[in-house]
Amino acid sequence: MRKNFSGQARASSVATGLWPSNVIGYPVDGRQGAGYTLKMLEPLPDEYFMREALRQAQKAHAAAEVPVGTVIVREDKIIARAYNQVELLKDATAHAEMLALTQAEAAVGDWRLTDCDLYVTKEPCAMCAGALVHTRIRRVIFGCADPASGAAGSMMNLLQMPSFNHHCEITPGVLQKECAAILQDFFRKRRDERGSTTS
């Protein structure tokens, strides 16, 4: 897709970070202040979007929620962002993935998210994995594995069950250390708090 931007709009977009680093603006007619044509150099890497998911996880951490964050991407653009809000909403189903899926469905105008990719800092649980299959998410990219309850390959793989009518592509281990570190920090602080109240 080609879009024309004035020189002023281009400068504003770069300054505010709204113009992604993988886009270059070329003058339409070579004149100062002329419109610009955007050219995509290459798709943004998985690490870029996982860092956005990590920002959501940090919001969860600050809210005393289990720090898991999610973004959903369509055509190289984030259309949904969410973090765990189980305690805030008093809702056991308010995982980051579930909340993001609802946002994405509203953004797309359909429950089928066949051309969307979901980035999440921790391997999805069985509930979220089931929802990802139902919404036909194309690809699931996660940071750290969850050996105890992960449903994208660790404990089970619901995303690629042979009997299901949809299979998600899985990319594990993106920014694994950073994604694991925020969870480890959260649970270490929780253990310390519990220890101090019982001593």
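Shown above is the structure to which this text applies.
Residues numbered from 1 in each chain as written. Predicted model: local features only at pLDDT ≥ 70, side-chain atom pairs only at ≥ 80, totals over all residues. Heavy atoms only, no water.

### Examining the overall build of the chain
No. 1: Looking only at helices and strands, the chain has six helices and eight strands in total.
No. 2: Counting helices and strands in the order they occur from the N terminus, the chain gives β-α-β-β-α-β-β-α-α-β-α-β-β-α.
No. 3: The burial tally for the chain puts 41% of its 199 residues in the buried class.
No. 4: Per element, the accessible surface of the chain, about 11200 Å² overall, is 53% carbon and sulfur. (Helix = DSSP H or I, 4+ residues; strand = E, 2+ residues; numbered from the N terminus. Buried < 20%, exposed > 50% of the residue type's maximum accessible area, 1.4 Å probe, protein only. Areas by Shrake-Rupley, 256 points an atom, 1.4 Å probe, with all protein chains shown as cover.)

### Things to note about the sheet that holds strand β5 (residues 77-83)
Through backbone hydrogen bonds, the strands of a sheet pair up, either in parallel or in antiparallel fashion.
No. 1: What the five strands build is an open sheet, ordered β5-β4-β6-β7-β8; its pairing is mixed. Each edge of the sheet is formed by a strand with only one pairing partner; in this case those strands are β5 and β8 (169-171). Ignoring strand direction, the axes of neighbouring strands in this sheet form an average angle of 20 degrees. (Pairing = 2+ DSSP bridges. Axes fitted to C-alpha atoms, helices over the stretch in contact; angles between N-to-C directions.)

### Section: the packing of aromatic side chains
Given two aromatic rings, their pairing is described by the distance between the two centres and the angle made by the two planes.
No. 1: In total, this model carries three aromatic pairs according to the counting rule given.
No. 2: Members of the aromatic cluster, connected to one another through ring pairs, are Y48, F49 and Y119. (Phe/Tyr/Trp six-rings, centres within 6.5 Å; stacked < 30°, edge-to-face > 60°.)

### As for the side chain of E123
No. 1: If you trace the backbone, E123 turns up in the loop between β6 (116-122) and α5 (126-134).
No. 2: One buried charge, E123, has no salt-bridge partner; the nearest side chain with opposite charge is K122, at 7.4 Å.
No. 3: Among the polar contacts listed, one links the side chain of E123 to the backbone nitrogen of D146, at a separation of 2.9 Å.
No. 4: Within the structure, the side chain of E123 is placed 3.2 Å from the backbone nitrogen of G153, a separation counted as a polar contact.
No. 5: Setting aside chain neighbours within four positions, we find E123 in contact with F142, C144, A145, D146, G150, A151, A152, G153 and S154. (Lys, Arg positive; Asp, Glu negative; His and termini not counted. Salt bridge = Lys/Arg side-chain N within 4 Å of Asp/Glu carboxyl O. Polar contact = N/O pair within 3.5 Å; in protein donor to acceptor, adjacent residues only side chain to side chain. Contact = heavy atoms within 4.5 Å.)

### Brief notes about helix α4 (residues 96-108)
No. 1: With 13 residues, α4 ought to run about 18 Å at 1.5 Å a step, and its terminal C-alpha atoms sit 18 Å apart, in line with that.
No. 2: A96, E97, A100, L101 and A104 are the residues of α4 that are buried. Across the axial projection of α4, the buried residues extend over an arc of 120 degrees, all falling on one side. With respect to the buried face of α4, the exposed residues turned more than 90 degrees away are T102 and A106.
No. 3: Following α4 by one or two positions, G109 has its phi on the positive side, about 85 degrees. (Expected span 1.5 Å × (residues − 1). Arc of directions from axis to C-beta.)

### So, the pattern of salt bridges
No. 1: Summed over all chains, the structure comprises nine salt bridges.
No. 2: Linking D117 and R138 is a salt bridge whose minimum nitrogen-to-oxygen distance equals 2.9 Å. Placement of the pair is D117 in strand β6 and R138 in the loop between α5 and β7 (139-144), with a sequence separation of 21 residues.
No. 3: A salt bridge links D185 to R188, with the nearest nitrogen and oxygen atoms 2.9 Å apart. Highlighted residues: D185 and R188, both in helix α6 (residues 176-198), separated by three residues, approximately one helical turn.
No. 4: Assessed through its relative accessible area of 40%, R188 is described here as partly exposed.
No. 5: Here the salt bridges share partners, and the residues they tie into one network are E52, R55 and R81.

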